[in-house]
Amino acid sequence: MTDFATTKALFHLPEGMIYLDGNSLGPLPKTAATRVTRTVEAEWGEMLITGWNKAGWMAQPSVLGDRIGRLIGAEPGHVTTGDTLSIKVYQALAAALEMRPDRRVILSDNGNFPSDLYMAEGLLRQLGSGYELRVVDPDQVADALTDEIAVMMLTQVDYRTGRMHDMADLTARAHAVGALTVWDLAHSAGAFPVHLARDGADFAVGCTYKYLNAGPGAPAFIYVAPRHAERVQPALSGWLGHEAPFAFDLDYRPGARIERMRVGTPPVLQMAALEASLDIWDQVDLDDLRAASVALCEQFIAGVEATCPDLVLASPRDAAQRGSQVSFHFADGYAAMQALIAHGVIGDFRAPDIMRFGFTPLFIDAGDVDQAIAILGEIMRDRLWDREAYKIRAAVT
Ligand SMILES: *Cc1c(COP(=O)(O)O)cnc(C)c1O
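Residues numbered from 1 in each chain as written. Predicted model: local features only at pLDDT ≥ 70, side-chain atom pairs only at ≥ 80, totals over all residues. Heavy atoms only, no water.

## Brief notes about the overall build of the chain
And then number 1: What the chain contains, in helices and strands, is 13 helices and 15 strands.
And then number 2: A compact globule built from 397 residues should have a C-alpha radius of gyration of about 21 Å, and the chain, at 22 Å, falls within 12% of that.
And then number 3: Structurally, the chain occupies a C-alpha span of about 70 × 55 × 40 Å along its principal axes.
And then number 4: Summarising the internal contacts of the chain: among those between residues at least 6 apart in sequence, 72% fall at separations of at least 24.
And then number 5: On the chain, the mean spot of the 34 positive side-chain charges and the mean spot of the 51 negative ones are 3 Å from each other. (Helix = DSSP H or I, 4+ residues; strand = E, 2+ residues; numbered from the N terminus. Rg over C-alpha atoms; globule rule 2.2 N^0.38 Å. Contact = heavy atoms within 4.5 Å. Lys, Arg positive; Asp, Glu negative; His and termini not counted. Charge placed at Lys NZ, Arg CZ, Asp CG, Glu CD.)

Here it is as structure tokens:
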């Protein structure tokens, strides 16, 4: 059994704050500061250029990729890290499209995160006429899978509501019509067990600054199924994805398997923070994590519904169809969230009216949830949100 009291003690959590936003930016692992300082002082400072070999900087993207691989059910040697998630979405989508040259349609849903759709739009513009990004309601995806579809590109968990797609089922349906799949795991990796290999996913991408707690700007990851690993043609054919970067050939030859999905110089300092966060993940059993996450979410839903009649559940009521977050609709949700933050409970707001709360058993326990319910209940009952100061929108909501 994973001891979540132990994992909680491994994070720096500001005094007096209940942090229900680990789904947006995970908290600081206590060892990350010393781990990053070591990289700065002992590696960058002392080793300088030799750090690429001596400190293992060059190998790190795929070493850390494999440690993430355990969390998402990937085969060893088929995940690498680097760049940002938007870039990895582009890479996966471009590679998948190229493997279906006779088809022109990408299928996605309107619960997807805008950046994924924007990246698809930009890629299709480059590819020229005839291509189409088809965006349907999340519950229409299965019916929209036809033999026109080249790639089904979905984010498994809706960032606003927490609604979860059935990866095994939709992947099988996509394959049945000859389509490939790109799964975005931004709100899945570290939220619950993911089974990429078992479920037959073709490509997957995700970030490490949300549930994986590797800090702002931490690298993204990408998975390519072993059966495609030697066939994909990287569209972002940078030198570190080359078969022999230090041969400095004038022509690009893709590297072995997942190595070809690397692009350029990895963010070494940020990789050090990721390493520290993965040291905590190494201690976590994902089935224990899921059970604890469901319990916290259910506790929160029950408590909020009992005390806040104005809030309407926006997430699926059935835990099996929900990720590790709970959202409520409320017309003045922005102001209510600002009031809540002012009272020490941190969630976030997503337009037009969603108050969003992430539940991450690594550092949130039942006592935190009880306190959050009590504070939210008071804010709603006494209309503490109804102040001008809480209605002024900041750049990041
Ligand atoms: C958070 C998130 C992103 C953000 O992409 P970045 O390039 O890391 O800024 C993209 N897609 C999804 C589905 C997300 O949840």
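## Focus: helix 12 (residues 333–342)
Given 3.6 residues per helical turn, the α-helix brings residues three or four places apart onto the same face.
And then number 1: Summarising burial for helix 12: seven of the ten residues are buried, a large majority.
And then number 2: Note on helix 12: the residue one or two positions beyond its end, glycine 344, has a positive phi of about 90°. (Buried < 20%, exposed > 50% of the residue type's maximum accessible area, 1.4 Å probe, protein only.)

## A look at the packing of aromatic side chains
And then number 1: Applying the stated criterion across every chain yields a total of twelve aromatic pairs.
And then number 2: Measuring from centroid to centroid gives 6.1 Å for phenylalanine 300 and phenylalanine 328, while their planes differ by 65°, and the two rings are edge-to-face. Of this pair, phenylalanine 300 sits in helix 11 (residues 286–307) while phenylalanine 328 is found in strand 12 (residues 325–329), placing the two residues 28 residues apart along the sequence.
And then number 3: Its relative accessible area of 0% is what places phenylalanine 328 among the buried residues.
And then number 4: Taken together, a centroid distance of 4.8 Å and an interplanar angle of 55° make the contact between phenylalanine 300 and phenylalanine 357 tilted. On the criterion of sequence distance, the pair formed by phenylalanine 300 in helix 11 and phenylalanine 357 in strand 15 (residues 354–358) is long-range, its members being 57 residues apart. Each member of the pair phenylalanine 300 and phenylalanine 357 is classed as buried.
And then number 5: Cluster of aromatic residues (ring-pair linked, three or more members): Phe300, Phe328, Phe357 and Phe359. (Phe/Tyr/Trp six-rings, centres within 6.5 Å; stacked < 30°, edge-to-face > 60°.)

## Looking at the layout of surface pockets
And then number 1: Empty space within the largest pocket amounts to approximately 330 Å³.
And then number 2: Along the wall of the largest pocket there are 19 residues; nearest its centre are Ser24, Asp348, Arg350, Val396 and Thr397.
And then number 3: At the level of secondary structure, the elements contributing two or more residues to the lining of the largest pocket comprise helix 12 and strand 14 (348–350).
And then number 4: By residue number, the principal contributor to the lining of the largest pocket is helix 12, which donates three residues.
And then number 5: Along the lines of polarity and charge, the residues of the lining of the largest pocket split into nine nonpolar, five polar and five charged.
And then number 6: Taken domain by domain, the makeup of the lining of the largest pocket includes at least three residues from each of domain 1 (4–30 + 285–391) and domain 2 (33–281). (1 Å grid on protein atoms, 1.4 Å probe; cavity = no way out; pocket = protein on both sides within 12 Å on 5 of 7 lines; lining within 4 Å. Points joined across faces, edges and corners; volume = space filled by probe spheres on them. Nonpolar A, V, L, I, M, F, W, Y, C, P; charged D, E, K, R; others polar. Domains from an automatic or database assignment.)

## Overview of the sheet that holds strand 4 (residues 79–82)
And then number 1: The sheet built from seven strands is open, its strands ordered 4-10-9-8-7-5-6 with mixed pairing. The sheet is open, and its two borders are formed by strand 4 and strand 6 (132–136), each paired with just one other strand. Recorded for the sheet is a direction-independent mean angle of 20° between the axes of neighbouring strands.
And then number 2: As defined by bridge partners, strand 4 adjoins strand 10 (residues 220–224) across four bridges and the pair is classed as antiparallel. Each residue of the ladder has a partner; that of valine 79, found in strand 10, is tyrosine 223. (Pairing = 2+ DSSP bridges. Axes fitted to C-alpha atoms, helices over the stretch in contact; angles between N-to-C directions.)

## Remarks on the site of the ligand
And then number 1: Taken together, Thr84, Leu85, Ser86, Phe113, Asp116, Thr155, Asp184, Ala186, His187, Tyr209 and Lys210 make up all the residues around the ligand.
And then number 2: For the ligand, an oxygen atom lies 3.4 Å from a polar atom in the backbone of leucine 85.
And then number 3: Side-chain polar atom of serine 86 to an oxygen atom of the ligand: 2.7 Å apart, as the coordinates give it.
And then number 4: When the ligand is considered free in solution it has 390 Å² of accessible area, and contact with the protein chains removes 85% of it. (Near = heavy atom within 4 Å. Polar contact = N/O pair within 3.5 Å; in protein donor to acceptor, adjacent residues only side chain to side chain. Areas by Shrake-Rupley, 256 points an atom, 1.4 Å probe, with all protein chains shown as cover.)

Note that all results are geometric; they support no functional claim without further evidence.
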